[in-house]
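Analysis of the macromolecular model
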Amino acid sequence: MSKGPELIITEKDNAARRIADILSGESAESDRVNGVNVYKWGGKRCIGLSGHVVGVDFPPEYNDWRDVEPVELIDAPIDKHPTQENIVAALRRLSRHASRVVIATDYDREGELIGKEAYELVREVNEDVPVDRVRFSSITDREVTEAFENPDELDFDLAAAGEARQIVDLVWGAALTRFLSLSARQLGDDFISVGRVQGPTLKLIVDREREIDAFDPEDYWELFADLQKDSTEEPSADPRADESARDEESFEAQYFYLDEDGNEAERVWDGEAAEEAYETLRNVETATVTSVRRRTRTDDPPAPFNTTQFIRAAGSLGYSAQRAMSIAEDLYTAGYMTYPRTDNTVYPEDLDPRELLDEFTANRTFGEDAQTLLEQEEIEPTAGDEETTDHPPIHPTGELPSRADLTEDEWEVYELVVRRFFATVAESAKWEHLRVVADAGGLSLKANGKRLVKAGYHEVYPYFNSSESFVPDVEEGEALAVTDTEMEAKQTQPPRRYGQSRLIETMEQMGIGTKATRHDVIQKLYDRNYIESDPPRPTRLARAVVEASEEFAELIVSEEMTAQLEADMQAIARGEATLDDVTEESREILEDVFEGLMESGEEVGKHLQKSLKADKTVGTCPESDHDLVIRKSRRGSYFIGCDGYPDCTYTLPLPSTGKPLIMDEECEEHGLSHIKMLAGRKTFVHGCPLCKAEEADEEEDLVIGACPECGEGAASETPRDGDGEAVEGEHGGELAIKRLRSGSRLVGCTRYPDCDYSLPLPRRGDIEVTDEECEEHDLPKIRITYGDSDREPWDLGCPICNYREYQAEQVDGSELESVKGIGEKTAEKLKAAGVEDVPSLKEAEPDALADLMDGVGPDTVRKWQSAAD
DNA sequence: GCAAGGTC
């Protein structure tokens, strides 16, 4: 037996470092083995994994989708193999001579499985070493020390529960995904996927869209009256004061009646009845107060952040789920906040709110609020319903960044996290509600006022709406003047689409996905062309996938599958069922699914193909009977082409920026769908592509001067090529303002394509050629106006000077190269794609940007974005 | 190349 060091294994590097610090009393030193961090002190080593370091998959002979019938995957063997070679190698090296191994992975089911995977790797190289398991729910001195003093054993049943999930997910996901993809002949990057979590998520979106489609709006009317309290008691000397006093005493009330069930209703469904009521209301001069009700309401501060609620709050600040998590992850890695992936909404016992608040008292931004909170006699943090063992709720650590350490976005998210913590230890707010009902000519009017009498947590947490609505103090029997009346014609609205955070919340309620994956699932739906735009809308393909699944494999789009699996996993964890029981039964169900599916394979395939085409179809070709579809050129740019190609070669260009989205709106003249170009914050509506092309054809070029490359005054020594043709020098080329068929505008040479000199012009606004001239370039100055809008005109000036300034700004684009993974060439490409600096890189929509760049996928873009933070 | 779950 060797007397080697003791090895501690955690789930991630960050946890390894912190546990080493705690156990060593901060004396641990960091070393690298195989490029992996290892913390050493005394006779101990601590290494962090990166989640699962081994993966489950079918053996390589099952890799060819065409060679293997999807149904064969159901009973195919499943292998486990290292996916993080360097970490696995380091783990092997360290465990070979270890005298003891302690598994300290996260305290949840997946953590138990990751621990078991590590255990098996250890066993491969060291048969006898004792292996213990420690469990703690937050990495604090007390919890960690206690856990290591009372080591336990690995729970193999719990790990097996996790393994069963891996197998069921792989078998169902792979077999069905391959089947659908093969049936629709989609084998490239655009395969058609389904899975236990993405399936029901997609169905959620599609179902909502079905409701919207089926929605039949109904007309109704609402009546309002402005009421005014009589405030003529003491007229003041200043008439303006009277004016404002009157404003203060005036408020809006709404007409209501009691419906058949005796409930208050505001909507009048009958037009004539509304008209009649309005007639009455218009003719009354006063309303008499019939009831006044006051009550105070306590408004408790929110619970601590779990992942879902954090994403929701960040969403209301304008961050996508993906982006919010990416920022949170960076703040976590930098040590400013706790682990962002957690279900827990109850602070651990050893979080001392006073101690943590203390850390903020000296801070410029938070000091005052922290101080105020500390002055409370008692501090009792709020708690949510969910208390789990995995990680504490998201809260700031005692380590504070300075504002300069963070980007603007990071700071905004950090402040949100800090203020949420503040809110959870702040006092409740108090509202005073005042409800007034008045009678106007037999019609009931009501007004609800609310006043914040104690701001409480709103003082430190400004993200919730705390606006008041004013209703003056009135008394029963008091007469109020009716100063204005209004009848509004309205229509019932279809249900709203799910936004990203609503989607994540609903997934959580349905019990599908996990805190760490829900936002990724949504991203996956975008990547698979199932949803587009934000809030997400389902494509035709998505509808077809859901329809096909509903008919033949209902379970894969149902939340029931997760519920059943969850129950099975619990049975395994309790030792009441085995992994084999569960996976066998699941395979049998899938066999049945395949029986129906294989009979109708062709039909399913056709349906999917039709939908795929519909997603790309803009309308009918004006020159042939075929469809016009969006295509991608070999250079990676989008255009519209005839589906009858090569018999019909009709095409229409599209703008070079962004990814085209087919809108519902259709051009009345041409019957083509309008196009929107998705390009992050540069997103714009292109409109009907044929209208754009015709506008360009009709608009004459407007000559504004000589071309500096080939026009009058250009280099007079004219070099000639072999044929005696001039390649440079004067050719009489002129500069003109042009409108291209793709919709963009520019200043270009009239000799195009022989001379391709050009200067950019903005896409929006009216171009005005002024009388002023640029002395340097002999060109008129240009001004952009914005029609009726409030926007100030833009004096763009001489187009050459303007372009020079623009380019000078772009030189700063070398800033892009400071981002890990971006070199000179990539920075060039990025600039060509319209991404000039780090902020715009971070705001870019990964899909749209990837589409603009050869050889770059959306995942790469996301990597840059997180590296740029 | 398929899933979902860890992690970066």
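Residues numbered from 1 in each chain as written. Chains lettered and ligands numbered in written order. Predicted model: local features only at pLDDT ≥ 70, side-chain atom pairs only at ≥ 80, totals over all residues. Heavy atoms only, no water.

Chain A goes by DNA topoisomerase 1 in an unreviewed UniProt entry, where it is assigned to Halogeometricum rufum. Recorded in UniProt for chain A, the comment headed Sequence similarities (unreviewed entry) runs: "Belongs to the type IA topoisomerase family." Heading Subunit (unreviewed entry) of the UniProt record for chain A holds this comment: "Monomer." (UniProt positions renumbered as here; feature names shortened; annotations may be inferred.)

**So, the protein's contact with DNA strand B**
Close contacts around DNA strand B come from 39 residues, with Arg178, Leu187, Phe191, Glu329 and Tyr339 the closest. For DNA strand B, the fraction of protein-proximal atoms (within 4 Å) that sit in sugar or phosphate groups is 62%. A distance of 2.7 Å separates a base nitrogen of DNA strand B from a polar side-chain atom of aspartate 57. Within the contact set of DNA strand B, a phosphate oxygen lies 2.7 Å away from a backbone nitrogen or oxygen of valine 197. Elements with a contribution of two residues or more to the surface near DNA strand B: strand S5 (54–57) and helix H5 (156–183). (Near = heavy atom within 4 Å. Polar contact = N/O pair within 3.5 Å; in protein donor to acceptor, adjacent residues only side chain to side chain. Helix = DSSP H or I, 4+ residues; strand = E, 2+ residues; numbered from the N terminus.)

**So, a negative patch on the surface**
On the surface, Asp75, Asp580, Asp581, Glu584, Glu585, Glu588, Glu591, Asp592, Glu595 and Glu599 cluster together into a negatively charged patch. Along the polypeptide, glutamate 585 turns up in helix H18 (residues 579–599). Its relative accessible area of 46% is what places glutamate 585 among the partly exposed residues. (Patch = residues over 30% accessible without salt bridge, like charges linked within 9 Å, V, L, I, M, F, W, Y side chains within 5 Å. Areas by Shrake-Rupley, 256 points an atom, 1.4 Å probe, with all protein chains shown as cover. Salt bridge = Lys/Arg side-chain N within 4 Å of Asp/Glu carboxyl O. Lys, Arg positive; Asp, Glu negative; His and termini not counted. Charge placed at Lys NZ, Arg CZ, Asp CG, Glu CD. Buried < 20%, exposed > 50% of the residue type's maximum accessible area, 1.4 Å probe, protein only.)

**Some details on the sheet that holds strand S30 (residues 779–785)**
With antiparallel pairing, three strands are arranged side by side in an open sheet as S29-S30-S31. Where the open sheet ends on each side, the last strands, each with one partner, are strand S29 (766–774) and strand S31 (794–797). Taking each pair of neighbouring strands and ignoring which way they run, the sheet shows an average axis angle of 30°. Of the strand pairs in this sheet, S30 and S31 are connected by three bridges, and their pairing is antiparallel. If you follow isoleucine 782 over to S31, its bridge partner there is glycine 797. (Pairing = 2+ DSSP bridges. Axes fitted to C-alpha atoms, helices over the stretch in contact; angles between N-to-C directions.)

**Topic: the sheet that holds strand S28 (residues 758–760)**
Ordered in space as S25-S26-S27-S28, the four strands form an open sheet in which the pairing is antiparallel. Two strands lie at the open edges of the sheet, namely strand S25 (702–706) and S28, each paired on one side alone. The mean inter-strand angle of the sheet, taken between neighbouring strand axes irrespective of direction, is 25°. Both S25 and strand S26 (residues 734–739) contribute to a ladder of four bridges, which runs antiparallel. From the neighbouring strand, alanine 706 faces S26, where its bridge partner is glutamate 734.

**As for the pairing of strand S3 (residues 36–41)**
The buried count for S3 comes to five of six residues, which makes it a mostly enclosed element. Bridge count between strand S2 (residues 29–33) and S3: five bridges; the pairing is antiparallel. In the strand pairing of S3, arginine 32 is matched with asparagine 37. Remark: two residues form the turn of the hairpin made by S2 and S3, two consecutive strands paired antiparallel; asparagine 34 in that turn has positive phi of roughly 55°. Bridge analysis of S3 against strand S4 (residues 44–48) gives four bridges, and the strand direction is antiparallel. What sits directly across from tyrosine 39, in S4, is cysteine 46.

**Let's talk about a positive patch on the surface**
Positive charge collects at one region of the surface, where Arg293, Arg295, Arg297 and Lys450 lie side by side. Residue contributions to the positive patch peak at three residues, all from strand S12 (residues 286–299). Assignment of secondary structure puts arginine 295 in strand S12.

**Regarding unusual backbone geometry**
With an omega dihedral of 5°, the bond running from aspartate 534 to proline 535 counts as a cis peptide bond. Note on placement: proline 535 falls in the loop between strand S16 (531–532) and strand S17 (537–538). Here the bond from tyrosine 645 into proline 646 is cis, since omega is 10°, no more than 30 degrees from zero. The residue glutamate 26 is not glycine, and still its phi comes out positive at about 70°. Mapping glutamate 26 onto the fold places it in the loop between helix H1 (13–24) and S2. With phi around 70°, serine 533 is a residue other than glycine that occupies positive phi space. Considering the arrangement of structural elements, one finds serine 533 in the loop between S16 and S17.

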